[in-house]
Amino acid sequence: MIKKLKEQLNKPLPRNDTGRAAIFGFGGVYLLYSAYQVVRDYIGGVAQMGLGEMLICAGLLVLCALITIGWALYIWLGKKETDEEAGVETAAAEEAAQPSDEPAEET
């Protein structure tokens, strides 16, 4: 049992997960929306901050959003590449498993 547990804990985490990519994508979009709200509130006079503070807050939110969306795309595109590689490997395995019509050479 301990050996099984050790194997499970030492397995690498799945890197290419589309669900995780979607969550990161939605988080990035939410950060962009938050930056929009900061600018909108400043222009509308609702926020009690100066121009410099607003630019810093909105800029940081946009920067974090771009990093998060970039990470989501990295995960999502990595999943596609892994799927394509798996398809090539599966096709090669199926081709090798099929018997050939050519007679085998005897030595």
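Given the structure is predicted, the values throughout are model-derived calculations rather than measurements. (Residues numbered from 1 in each chain as written. Predicted model: local features only at pLDDT ≥ 70, side-chain atom pairs only at ≥ 80, totals over all residues. Heavy atoms only, no water.)

All chains considered together, the criterion is met by one salt bridge. The closest approach of N and O atoms between Arg-40 and Asp-41, which form a salt bridge, is 3.7 Å. Residue classification places Asp-41 among the partly exposed residues on the basis of a relative accessible area of 27%. (Salt bridge = Lys/Arg side-chain N within 4 Å of Asp/Glu carboxyl O. Buried < 20%, exposed > 50% of the residue type's maximum accessible area, 1.4 Å probe, protein only.)

On to the packing of aromatic side chains. Any pair of aromatic rings gets described here by the distance separating the centres and the angle formed by the planes. Tallied over the entire structure, the rule returns two aromatic pairs. Residues Tyr-33 and Tyr-36 carry aromatic rings whose centres are separated by 6.2 Å and whose planes lie at 35° to one another, so their mutual orientation is tilted. With Tyr-33 and Tyr-36 both in helix H2 (residues 18-44), this residue pair falls three residues apart, about one helical turn. What makes Tyr-36 partly exposed here is its relative accessible area of 48%. (Phe/Tyr/Trp six-rings, centres within 6.5 Å; stacked < 30°, edge-to-face > 60°. Helix = DSSP H or I, 4+ residues; strand = E, 2+ residues; numbered from the N terminus.)

Since there are 3.6 residues in each turn of an α-helix, residues three or four apart along the chain are aligned in direction. For H2, which comprises 27 residues, the first-to-last C-alpha distance of 38 Å matches the rise-based estimate of 39 Å (1.5 Å per residue) to within 8%. Restricting attention to buried positions, one finds in H2 the residues Ala-21, Gly-25, Gly-28, Ser-34, Ala-35 and Val-38. Residue Gly-45 follows H2 closely and has a positive phi angle near 85°. (Expected span 1.5 Å × (residues − 1).)

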